[in-house]
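If you want the building blocks of each chain, they are given just below.
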Amino acid sequence: MQHFEAQAQDLAGLAARGRERRLISREGADFASNDYLGLANSPLLRAAVEAALARGVPIGSGGSRLLRGNHPEHEALEAEAAAYFGRESALYFSSGYAANAALLATLPQRGDLVLFDALVHASAHEGMRLGRAEIRQAAHNDVGAFADAIAGWRRDGGTGRVWIAVESLYSMDGDVAPLAALAALAEAEGAILLVDEAHATGIYGPQGQGLAYGLPTANLITLHTCGKALGCEGALITGPAIVRDFLVNRGRAFIFSTAPSPLMAAAVRAALRIVAASDALRTGLFERIAMARHALGPLGVSAGETQILPLILGDDVRTMAIAGALQESGFDVRGIRPPTVPAGTSRLRISITNNVSHADIAALAERLATLIPATEPIAA
Ligand SMILES: Cc1ncc(COP(=O)(O)O)c(C=O)c1O
């Protein structure tokens, strides 16, 4: 223990503040995963993986894409993804975290500004930390604040390119960005708009292409994680061809890392075909969302329309106690605490997926009603 005193102290501090994290097993009805369409263990995807194995697709890539790791499955996926998302190019990464970090660390240059929404994901922060551009924060979903920040930066002498980094659907709040207005601002400022579609891909847009689908594309880069509604793993960055070329040449997380599994690339390609063709999967999810919002709204879930329903309770310890009580009753609902969310906004993050039935949702609402009255939800 003596070698790890600092770490032990840190953990004790987290425990004292009710913020220690533990790995718990997946049990109970799924109100926690991002497997929104229920694809991760679906017969459709299993069959696609079996078919890929049968035609000899390897499990391991054997090296970086720039060495021997580049497999026809990666390129086939990227070509199909570019067509599906209506973009010139796509590049597949082994995780959304790596892709987002690479994007923000690599593309913005010294002298540029990255202006990010206050609620962007940790992976975007990782990239900004590694990058050379100046970074400034704008209030969440406040287009006026973005415009003011750009004007302020120019007044301070900023002359480079502006990069606007947002999510289309925020992972812990379930609200949606004003993408059309942000795109118009980006256009007016000669800025580049980076949209992380992690929680929208597969669900929103005409065939699940995401919420940014249909925006002007010349200055648009989107990130589509494959481990959420697509039920697989990895992430696709889509945009103008130069973005792909630049990341292949300069993206350290791409260059100095073993290429993702070709088998997973095959699975993602199958998942894209499935979601493109399956309005029924989306309809099934939208029906569950409507029902959940109706049943859980009166209990204090934040207003909104998406599959992520936050119930903000504020207090860390109480949040975890209620999540624990739900888990004991067979509902896998997780409590989310700082630093994942701002201090004072600890919450239950209720995620609606096709892995639960309408009866499961009704039962959750009933159980939650017995736990919540003593705990007034607070405004975010
Ligand atoms: C908004 C957002 N971006 C990026 C990521 C990272 O993606 P991945 O889980 O594939 O690493 C996540 C998921 O945790 C996310 O919620």
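### A look at helix α1 (residues 5-16)
For α1, with 12 residues, the first-to-last C-alpha span of 16 Å sits near the 16 Å given by 1.5 Å per residue. Taken from the residues just after α1, Gly18 is the one with a positive phi, measuring 70 degrees.

### Brief notes about the site of the ligand
In the vicinity of the ligand, the contacting residues are Ser95, Gly96, Tyr97, His121, Ser123, Glu167, Ser171, Asp196, Ala198, His199, Thr225 and Lys228. Between the ligand and His121 there is a distance of 3.3 Å, counted from an oxygen atom to a side-chain nitrogen or oxygen. At a separation of 2.6 Å, a nitrogen atom of the ligand approaches a polar side-chain atom of Asp196. Burial of the ligand by the protein chains amounts to 80% of its free accessible area of 390 Å².

### Some points on the packing of helix α13 (residues 316-328) against helix α14 (residues 358-371)
When two helices pack together, their arrangement is captured by the angle between the axes and the distance separating the axes. Here α13 crosses α14 at 140 degrees, and the two axes come no closer than 11 Å. Considering their axes alone, α13 and α14 lie oblique with respect to each other. In the packing of α13 onto α14, the handedness of the crossing is right-handed. Contact with α13, carried on its side by Ile322, Ala325 and Leu326, involves Leu364, Arg367, Leu368 and Leu371 of α14 and no other residues of that element. A class-by-class count of the residues in the contact of α13 with α14 yields 6 nonpolar, no polar and 1 charged.

### Some details on the pairing of strand β3 (residues 113-117)
Most of β3 is tucked away, with 5 of its 5 residues classed as buried. Every second residue of β3 is oriented toward a common face, with Leu113, Leu115 and Asp117 on one face and Val114 and Phe116 on the other, all of them buried. The parallel pair β3 and strand β4 (residues 134-138), bridged by helix α6 (residues 122-130), forms a crossover whose chirality is right-handed. By the bridge criterion, 4 bridges tie β3 to strand β5 (residues 162-167) in an arrangement that is parallel. Paired with Leu115 across the bridge in β5 is Ile164.

### Considerations on the packing of helix α4 (residues 72-85) against helix α11 (residues 262-277)
Where α4 meets α11, the closest approach of the two axes is 8 Å, and the angle between their N-to-C directions is 25 degrees. Between α4 and α11, the angle falls in the class roughly parallel. As α4 packs across α11, the resulting crossing turns out to be left-handed. For the pair α4 and α11, the contacting residues are Glu73, His74, Ala76, Leu77, Glu80, Ala81, Tyr84 and Phe85 in the first and Pro262, Ala265, Ala266, Val268, Arg269, Leu272, Arg273, Val275 and Ala276 in the second. Tallied by class, the residues present in the contact of α4 with α11 amount to 12 nonpolar, 1 polar and 4 charged.

Definitions and limits used
- Residues numbered from 1 in each chain as written.
- Predicted model: local features only at pLDDT ≥ 70, side-chain atom pairs only at ≥ 80, totals over all residues.
- Heavy atoms only, no water.
- Helix = DSSP H or I, 4+ residues; strand = E, 2+ residues; numbered from the N terminus.
- Expected span 1.5 Å × (residues − 1).
- Near = heavy atom within 4 Å.
- Polar contact = N/O pair within 3.5 Å; in protein donor to acceptor, adjacent residues only side chain to side chain.
- Areas by Shrake-Rupley, 256 points an atom, 1.4 Å probe, with all protein chains shown as cover.
- Axes fitted to C-alpha atoms, helices over the stretch in contact; angles between N-to-C directions.
- Parallel < 35°, antiparallel > 145°, perpendicular 65-115°, else oblique.
- Left-handed = near helix turned anticlockwise from the far one by under 90°.
- Contact = heavy atoms within 4.5 Å.
- Nonpolar A, V, L, I, M, F, W, Y, C, P; charged D, E, K, R; others polar.
- Buried < 20%, exposed > 50% of the residue type's maximum accessible area, 1.4 Å probe, protein only.
- Right-handed = clockwise from strand over helix to strand, strands pointing away.
- Pairing = 2+ DSSP bridges.

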